[in-house]
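# Observations on the three-dimensional arrangement
One-letter residues, chain by chain:
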Amino acid sequence: MVWVVRVLCVGVVLLLNTACMRNSSETWEDWKTAGSYLGRSLDALCGKSYESRMLTSDEEFIGPYDAEFIPLNHGDLKNAFVGSDAPLPQPKGIPGQKGVPALVDFYMPPDTLQSLFHPVHFDTDDHTVRDRVELQMLVEMAEYLKKNGSTYLVVDGHADQRASASYNMALAMRRANYVRSFLVKNGVDQNRIFTVSHGKERPVAQGNTPSDWKLNRRSEFKIYQR
C-alpha cells in the first residue's frame, strides 16, 4: 500500500511540472488521463480489480468504461464519410429495356463536345482522378448533363497492360464507378449514367513505357441523346 501512495505522489509532481510547459488544452487532457489512473489506483487500494485478458470472441467485448468513453457527435459522424468510396445504387433502368437506350446505341461525342467529354486518367493502382484540369472538366461535364436531361452517358473504365486480367477488370470498374459517383455528387441523375469495365483489353497505346501505360489508365465516355 505504501508503494502505491508513493507512485501517486510522484505522478502528481511530474504532471504539475509538465503542465507548466503545455497549453491549457493539453494540460486538461493530461489531468483527465491522470485522474483516470488515480481513480483506478484508489480502487485497487479498496480491493477492486480491473481484469486484463485476451478476448476469444466479439461477444466478450463490452466496451470502454463510461468515464473514459467520448462519443462522436453528429458533425464527427458526417465528416467520417466525406470522400468515402461507398458505391452508389445502380441505375433503375437496364440498357435496351423499357425506354433505356441499349449500350450499342451509345456513340463517341461529336467534335463539338470532344473537349468536354475528354478521357480522364489515373495513377498506377489508383481509381481517383487527381489532375485538376480533368477534375474541372468533370465538373463542367456535370453541368452539361444537368442542363441536357435527355442525354445518357456510358463511362468506360480501362487499365494498362500490367497485372492480371481479373485484377485490371476490377480496377477499371472502380475507375468508371469513381467518375459516375463524382458526376452524381455534382447533381447528375444517377439513372442516366452507366459504367462498363474493359480491363486491359482495349489499350490506346501499344508500347510498354510509363507514358504508354498512363494513356491506357483512363475512363472514356460515350453518349446517347434523344
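Here is a short report on the structure shown in this document. Model, not experiment: these values are computed from the prediction.

## Examining the pairing of strand β4 (residues 218-225)
Put simply, side chains in a regular strand alternate between the two faces of the sheet. Direction of pairing for strand β1 (residues 120-121) relative to β4: antiparallel, over a ladder of two bridges. For His121, the partnering residue across the bridge sits in β4 and is Arg218. Bridge count between strand β2 (residues 151-157) and β4: seven bridges; the pairing is antiparallel. The residue bridging Gly157 from the neighbouring strand is Ser219, located in β4.

## A closer look at unusual backbone geometry
One can expect most non-glycine residues to show negative phi and most peptide bonds to be in trans. Although it is not a glycine, Asp125 adopts a positive phi angle of roughly 55°. Along the chain, Asp125 falls in the loop between β1 and α4 (132-147). One non-glycine residue, Ala163, adopts positive backbone phi at about 70°. For Ala163, the location among the structural elements is in the loop between β2 and α5 (165-185).

## Some thoughts on the sheet that holds strand β3 (residues 193-197)
Strand order in the open sheet formed by four strands is β1-β4-β2-β3, with mixed pairing between adjacent strands. Two strands in the sheet have a free side with no partner beyond their single neighbour: β1 and β3. Bridge count for β2 against β3 is five bridges, and the pairing is parallel. Pairing of Gly157 across the sheet is with Ser197, part of β3. Relative to β3, α5 is tilted by about 165°, and along the sheet it contacts β1, β2, β3 and β4.

## Side note on the packing of aromatic side chains
This structure, assessed with the given rule, holds five aromatic pairs. Relative to Phe221, the ring of Phe117 lies with its centre 6.5 Å away and its plane at 65°, an arrangement referred to as edge-to-face. Here Phe221 lies in strand β4 and Phe117 lies in the loop between α3 (74-79) and β1, a separation of 104 residues in the sequence. As far as burial versus exposure is concerned, Phe117 and Phe221 are alike and both buried. Of note, Arg162 hangs over the ring of Trp213, and the distance from its end group to the ring centre comes to 4.0 Å.

## Things to note about the nonpolar core
Formed by 24 residues in total, the largest nonpolar core has its most connected members in Phe117, Leu138, Met141, Leu153, Val179, Leu183 and Phe221. The set of elements that each furnish at least two residues to this core consists of α4, β2, α5 and β4. Leave out the neighbours within four places in its chain, and Phe117 touches Pro109, Met141, Tyr144, Leu145, Leu153, Phe221 and Ile223. Among the nonpolar cores identified, the runner-up in size contains five residues, and Val100, Phe106, Val154 and Phe194 belong to it.

## Re the side chain of Arg218
With respect to the helices and strands, Arg218 occurs in strand β4. Apart from residues lying up to four places away in sequence, Arg218 is in contact with Val120, His121, Phe122, Asp156, Gly157, His158, Arg202, Pro203 and Val204.

## What to know about the environment of Gly93
Its location among the elements puts Gly93 in the loop between α3 and β1. If sequence neighbours within four positions are ignored, Gly93 has contacts with Val100 and Phe194.

What counts, and where the lines are drawn
Residues numbered from 1 in each chain as written. Predicted model: local features only at pLDDT ≥ 70, side-chain atom pairs only at ≥ 80, totals over all residues. Heavy atoms only, no water. Pairing = 2+ DSSP bridges. Helix = DSSP H or I, 4+ residues; strand = E, 2+ residues; numbered from the N terminus. Contact = heavy atoms within 4.5 Å. Axes fitted to C-alpha atoms, helices over the stretch in contact; angles between N-to-C directions. Phe/Tyr/Trp six-rings, centres within 6.5 Å; stacked < 30°, edge-to-face > 60°. Buried < 20%, exposed > 50% of the residue type's maximum accessible area, 1.4 Å probe, protein only. Lys NZ or Arg CZ within 6 Å of the ring centre and 35° of its normal. Core = buried A, V, L, I, M, F, W, Y, C linked by side-chain atoms within 4.5 Å.

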